[in-house]
Amino acid sequence: MRRALELANAGWGLPHPNPMVGALIVEDGQIVGEGSHAHDGGPHAERLALLARGKTPRPGATLYVTLEPCSSHGRTGACTDAIIASGIKRVVVGATDPDPRHGGAGFAILRSAGIEVITGVLERECTDLNLIFNHWITTGGPLIAAKAAATLDGKIACRTGESRWITNELSRADVHRWRRLFPSIAVGAMTILKDNPRLTARRAGEPEWCPWRFVFDGLLRTVVDKSMPAVFTDEFRERTIVVTTPHGGLGYVRKLRDMGIQVWKFESQTQRVSFADFRKKCAEEKISGVLVEGGANLISELIRARQLDYLFAYHAPVLFADDKAKTIFSGLRPEKLEQAVRLDNVRHELFGGDVLMRGRMVYPEKLLVDETVFGVR
């Protein structure tokens, strides 16, 4: 199953909005066929593993697959049909299909055909592999996640504004790995104006890759200067989408569109875009995941609106102990521990001296908000 996970990871970020899946066939202790789901609409991992075998599997062969074989007849046909037709009599599965419409149905079909089915092998790892797909298929909307890189006391910059680099090179490389997984990245206008980021995935040994790039800019401040940000002028500019309101001005909207930049304009009484409207639009466009990389106010607003689903929190072994240093999260005022926001299904990873804690956001029944906090994105 660990080898099947490796195969699934070979499709890292490729099959959206479908899941990453790895499969292999074992005969007499030897792997004789492997497959991974490489792109949306392509053959599924189980079918590719059977194809790689090249002939009917021998008696006693076992199929290992990271996700429950599909039982519906979509673009590629049901994998349960292919498995039954192959003559394989034993299937070992990692995770159950999270789709509530037919999760577990594949197991029942295989068992009714006389196939032994073993489930839950490395289940946590196999489920975690598809955290974006799992959210998409169960909610019908995108997984909105945020990345935070901070000191031990939650600071992202000194009081002078200096912030490069709090976390180490290994942590920053891991951020690019997650960028490659998510189909889109989002930042606020202030992050664009201050840092002028490219918002692409740059990994050693791989070509630079550009996801959809969202810029939240309710007043279109990023368009005012003659010197345009990189995301408006580089070779990937057609992958940039500015998210704004009617308060930004039609002239700036036309300017962006003339440059090849897409504009999503949402009705709003203020300069702030409704995150619920943004989530709905992403679902319509089949954008299954959004990784928010800043700024601090944008991420805090998502939390205040209960619209942040997942958090990647990188912490460096650095301590500022300065009340005037820039804080990553703000805007809440819990009065009791049970009113705090928590992470569930937490995973930890080490990158040198840095620690990544990531998990799903769990909001209290009553989220107390500090109404005096009104930052600029």
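For the structure given in this document, a descriptive report is provided here. (Residues numbered from 1 in each chain as written. Predicted model: local features only at pLDDT ≥ 70, side-chain atom pairs only at ≥ 80, totals over all residues. Heavy atoms only, no water.)

Quick word on the side chain of Thr244
Thought 1: Inspection of the secondary structure puts Thr244 in strand S10 (residues 240-244).
Thought 2: Overall, the relative accessible area of 0% leaves Thr244 in the buried class.
Thought 3: Here Gly218 takes part through its backbone oxygen, which lies 3.3 Å from a polar atom of the side chain of Thr244.
Thought 4: Among residues more than four places away in sequence, those in contact with Thr244 are Asp217, Gly218, Leu219, Leu220, Val263, Trp264, Lys265, Phe266 and Val273. (Helix = DSSP H or I, 4+ residues; strand = E, 2+ residues; numbered from the N terminus. Buried < 20%, exposed > 50% of the residue type's maximum accessible area, 1.4 Å probe, protein only. Polar contact = N/O pair within 3.5 Å; in protein donor to acceptor, adjacent residues only side chain to side chain. Contact = heavy atoms within 4.5 Å.)

Considering the sheet that holds strand S5 (residues 116-118)
Thought 1: Read across the sheet, five strands follow the order S2-S1-S3-S4-S5 without closing on themselves; strand pairing throughout is mixed. The open sheet is flanked by strand S2 (30-36) and S5, the only strands paired with a single partner. Strand-to-strand twist of the sheet, defined as the mean angle between neighbouring strand axes without regard to direction, takes the value 20°.
Thought 2: For strand S1 (residues 22-27) and S2, the ladder comprises six bridges, and the chain directions are antiparallel. Counterpart to Ala23 in the pairing with S2 is Gly35. (Pairing = 2+ DSSP bridges. Axes fitted to C-alpha atoms, helices over the stretch in contact; angles between N-to-C directions.)

Let's talk about the nonpolar core
Thought 1: Of all hydrophobic cores here, the largest spans 46 residues; its most connected members are Val91, Trp178, Phe182 and Phe312.
Thought 2: Among residues more than four places away in sequence, those in contact with Phe312 are Ala145, Ala146, Lys147, Ala148, Trp178, Phe182, Leu291, Leu356, Met357 and Arg358. (Core = buried A, V, L, I, M, F, W, Y, C linked by side-chain atoms within 4.5 Å.)

Brief notes about the sheet that holds strand S6 (residues 143-150)
Thought 1: Within the open sheet, the nine strands sit side by side as S11-S10-S9-S8-S12-S6-S13-S16-S15. Their pairing is mixed. Sheet topology places strand S11 (262-265) and strand S15 (342-351) at the edges, where each strand pairs with a single neighbour. For this sheet, the mean inter-axis angle between neighbouring strands, taken without regard to orientation, is 20°.
Thought 2: As judged from the six bridges shared by S6 and strand S13 (residues 310-315), these two strands associate in the parallel manner. Bridge assignment links Ala150 to a residue of S13, and that residue is His315.

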